[in-house]
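Breakdown of the fold
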Amino acid sequence: MRRIAKSKPGPPRLLELRQQGKRYTDLDANPKDKQRVRTALLDDQGYLCCYCMRRISPEKHRIKIEHHESQSSNPDRELDWNNLLVACSGGPKLRARRKDDKAARKIPTDLQTCDTRKGNADITINPLDSSVDDIEYLPNGQLGHPQPSLQEDIDQHLNLNVGFLVEARKSARRAMIEALDRTLGSRKEWTRDKLTRYLEGLRSASRLEPFFGLLEHDLNRWIARRR
């Protein structure tokens, strides 16, 4: 997870519906309106799930519009642009775009992640604010947080330390190191300037690398160690 910078003010149709006192279900009246919202969210997030940071491609995957504060508990925020994110289908394998949410909910609970695992629970950790800034990407592939309540969100409500995500993060770290070896040479040649340019190149992509929060974290750590 990394902090997401929201585009302002968001799709105009959302504001129109809120001003009219409409509900989120009214967004379904015109599929193009919902698609515009989904596309704007994907653009903001670099086409990564807001929680696990796996790549979600609208051409291939089932993509869920996530309400950080649940609709059931916070109906006044159903159409609030600053409460909306996009999430993956929440299982070991990302579901194809034509697969429905009922199939995702049939995944065993201990393997569910992200919005599918979270359900209607309200959580404290939020990719839209500073609560994610202190996340640690540990050498063993797990996510850590110094605040126990936020660690509970990571472990229990989002299940982000489930085995298949831990292994995927370790693989992403290894792949980046191999890419750096090919691009920059041996680690002695990984200067601050070279690493900074490499990170800026990754950040500039419209579709970010999967698990980009981990890659960014590691690169910033290595840059800080070099003079």
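Once a new chain begins, its residue numbering starts again from 1 and follows that chain's sequence as written. Where totals are concerned, whole chains, interfaces and linings use all residues; where local detail is concerned, this predicted model gives features only for residues with pLDDT of at least 70, and gives and counts side-chain atom pairs only at 80 or more. Just so you know, side-chain values use all the structure's heavy atoms and leave hydrogens and water out.

**A look at the layout of surface pockets**
Only protein atoms enter the calculation, which uses a 1 Å grid: trapped sets of points that fit a 1.4 Å probe without letting it out are cavities, open sets showing protein on both sides within 12 Å along at least five of seven lines are pockets, and any residue with an atom within 4 Å of a point is a lining residue. Grid points are joined across faces, edges and corners, and a volume is the space filled by probe spheres set on the points. Each pocket or cavity is described by its volume, and for the second largest pocket that value is around 190 Å³. Along the walls of the second largest pocket sit M1, R2, R3, V132, D133, I135, Y137, G213, E216, H217 and N220, which together make up its complete lining. Broken down by element, the residue count for the lining of the second largest pocket peaks at four residues, all from helix α8 (residues 212-225). Classifying every residue of the lining of the second largest pocket by side-chain character gives four nonpolar, three polar and four charged. In this description a helix means any DSSP run of H or I spanning at least four residues, a strand means any run of E spanning at least two, and both kinds are numbered starting from the N terminus. Following the grouping adopted for this structure description, the nonpolar residues are Ala, Val, Leu, Ile, Met, Phe, Trp, Tyr, Cys and Pro, the charged ones are Asp, Glu, Lys and Arg, and the polar ones are all others, Gly among them.

**Things to note about the packing of aromatic side chains**
Paired rings are identified among Phe, Tyr and Trp, the last through its six-membered ring, by centres lying within 6.5 Å, and are further divided according to the angle between planes into stacked (under 30 degrees), edge-to-face (over 60) and tilted (the rest). Taken as a whole and assessed by the stated rule, the structure comprises one aromatic pair. For the pair W190 and W222, a centre-to-centre distance of 5.6 Å together with 45 degrees between the ring planes defines the contact as tilted. With W190 in the loop between α6 (163-184) and α7 (192-203) and W222 in helix α8, this pair connects stretches of sequence that are 32 residues apart. Residue W190 shares its accessibility class with W222, and that shared class is buried. Over the aromatic face of W81 sits the side chain of K6, whose NZ or CZ is 3.8 Å from the ring centroid. Note on geometry: a ring has a charge over it if NZ (lysine) or CZ (arginine) is within 6 Å of the ring centre and within 35 degrees of the ring normal. Taking NZ or CZ as reference, R207 lies 4.0 Å from the ring centre of Y47, over its face. Categorising residues by exposure relies on relative accessible area from a 1.4 Å probe, with only protein chains included: less than 20% of the type maximum marks a residue as buried, more than 50% marks it as exposed, and the intermediate range marks it as partly exposed.

**Quick look at the pattern of salt bridges**
If charged atoms from side chains of opposite charge come close, those side chains can pair. We define a salt bridge as a contact between a side-chain nitrogen of Lys or Arg and a carboxyl oxygen of Asp or Glu at a distance within 4 Å. Throughout the structure, instances matching the rule amount to 17 salt bridges. Here R13 and D33 are joined by a salt bridge, their closest N and O atoms 3.3 Å apart. Highlighted residues: R13 in helix α1 (residues 12-19) and D33 in helix α2 (residues 31-45), separated in sequence by 20 residues. On the basis of relative accessible area, R13 is assigned to the partly exposed category, the value being 28%. Among the salt bridges present, the one from R221 reaches D218, with a minimum N-O distance of 3.2 Å. Here the residue R221 and the residue D218 both occupy positions in helix α8, the gap between them amounting to three residues, near one helical turn. We classify D218 as buried; its relative accessible area is 0%. Salt bridges sharing partners connect three or more residues here, namely R13, E16, D33 and R36.

Coordinates in, geometry out; function isn't part of it.
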